[in-house]
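Observations on chain architecture
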Amino acid sequence: MVSATNFRDWLLNVLSRGQPSMFEEALMVSWSIWKDRNDFLWNKKINVIANVIVYAHLQNTGALQHSVLNQWNLARSNRFELLPVILHTYSSGEHWTAPDVGFVKVIVDGVVFAASQSYGVGGIARGNDGRVIEAFSLHKADCVHPSLVEAIGVIEALSWVKKKGWQHTTIEIDLLVVVQALENNIVMQSVFGSVIDCCLNLLKSLVNVHVCYVK
């Protein structure tokens, strides 16, 4: 049992236990609750809280393919191949490190919910002390490729950073092909290419904001 007075402290307490499976499950349950909150807000759909939690981490039933956790793992394994040309792609390493004083790091990720034909993106901004500054999330009904979802996450993060007026900001994602697409002058006649173009235009309007790849 992990208790806390607010969500942030609760999540940090879960993380401090040092059990990856517990933290993974906590994230999936949180995501499932957020998804159902949006369903109620926008679609007036009401679900039983027990079903929300069961749906988040079904493990040993015939409905395994419908669990949020399983869909998240599937999305991470179903990625575009790397672009053939790699220039000077910037990687911040395998482990997260806090930004320098006066800088902000935004971690962005996306997930596809195959069962509900929808996707979601989210981001967390942290300061040099490692503390969470703010966070954002978005859930939409559409069936798109996981790589496109990740690129949409970058657009949302860049728009968010611009709205906040933040400078000296690094946006970190774990999909190399998106960072490569941003760095290579390759014209892509596709929805993915259009999203990348939007990202580049946003980057031009920001001061000292970068997108980098993390493993």
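Small disclaimer: the values here were computed from a predicted structure and weren't measured.

Here we look at the confidence of the model for the protein chain
The predicted model of the protein chain averages 78 in pLDDT, with 74% of residues at 70 or higher. A low-confidence stretch, residues 59-66 (pLDDT under 50), is modelled with 10 contacts involving residues beyond four sequence positions or located in other chains. Segment residues 79-90 is flagged for pLDDT under 50; beyond a separation of four residues in sequence, or across chains, it makes 30 contacts in the model.

Brief notes about helix α5 (residues 146-164)
In a regular helix each residue adds 1.5 Å, so 19 residues correspond to 27 Å; α5 covers 27 Å between its end C-alpha atoms and thus fits that length. The element α5 is largely enclosed, with a buried count of 14 among its 19 residues. Count one or two residues on from α5 and you reach G165, which has phi positive near 75°.

So, the pairing of strand β3 (residues 132-140)
Both strand β2 (residues 118-126) and β3 contribute to a ladder of eight bridges, which runs antiparallel. What sits directly across from A125, in β3, is E134. In this structure, the hairpin formed by β2 and β3 is closed by a connection of five residues, where G130 is found at a positive phi of approximately 85°.

As for the packing of aromatic side chains
Throughout the structure, instances matching the rule amount to two aromatic pairs. Both rings, one in F136 and one in W160, keep their centres 4.9 Å apart while their planes meet at 55°; by these two values the pair is tilted. Taken together, the positions of F136 in strand β3 and W160 in helix α5 put the pair 24 residues apart, joining distant regions of the chain. Considered together, F136 and W160 belong to a single accessibility category, that of buried residues.

Some words on the pattern of salt bridges
In this structure the tally under the stated criterion is three salt bridges. One salt bridge connects K105 with E172, and the closest N-O pair in it is separated by 3.2 Å. Here K105, found in strand β1 (residues 104-113), pairs with E172, found in strand β4 (residues 169-173); they are 67 residues apart in sequence, far enough to count as distant. Judged on exposure class, the residue K105 and its partner E172 are both buried. The salt bridge partner of E134 is K164, with a shortest N-O separation of 2.9 Å. Of the two residues, E134 sits in strand β3 while K164 sits in helix α5, which places them 30 residues apart along the sequence. By relative accessible area, which is 30% here, E134 ends up partly exposed.

The rules we used
- Throughout this document, residue positions are counted from 1 along each chain, in the order its sequence is written.
- Restriction of local features to residues with pLDDT of at least 70 applies here, the model being predicted, together with a cutoff of 80 or more for giving and counting side-chain atom pairs; totals for whole chains, interfaces and linings are based on all residues.
- Each side-chain value is derived from all of the structure's non-hydrogen atoms; neither hydrogens nor water enter the calculation.
- The quantity known as pLDDT measures the predictor's confidence residue by residue, on a range of 0 to 100.
- Contacts were defined at the residue level, with two residues in contact if any of their heavy atoms lie within 4.5 Å.
- For the purposes of this entry, the term helix denotes a DSSP run of H or I that reaches at least four residues, the term strand denotes a run of E that reaches at least two, and both are numbered from the N terminus.
- Helices are assigned an expected span. That span is 1.5 Å times one less than the residue count.
- Each residue gets one of three labels from its accessible area relative to the maximum for its type: buried under 20%, exposed over 50%, partly exposed in between, using a 1.4 Å probe on protein chains only.
- Pairs of strands are assigned from DSSP output, requiring at least two bridges between the strands.
- Think of it this way: a Phe, Tyr or Trp ring, Trp meaning its six-membered ring, pairs with another when their centres are within 6.5 Å, and the plane angle makes it stacked under 30 degrees, edge-to-face over 60, tilted otherwise.
- Basic side-chain nitrogens of Lys or Arg form a salt bridge, by our definition, when they fall within 4 Å of a carboxyl oxygen of Asp or Glu.

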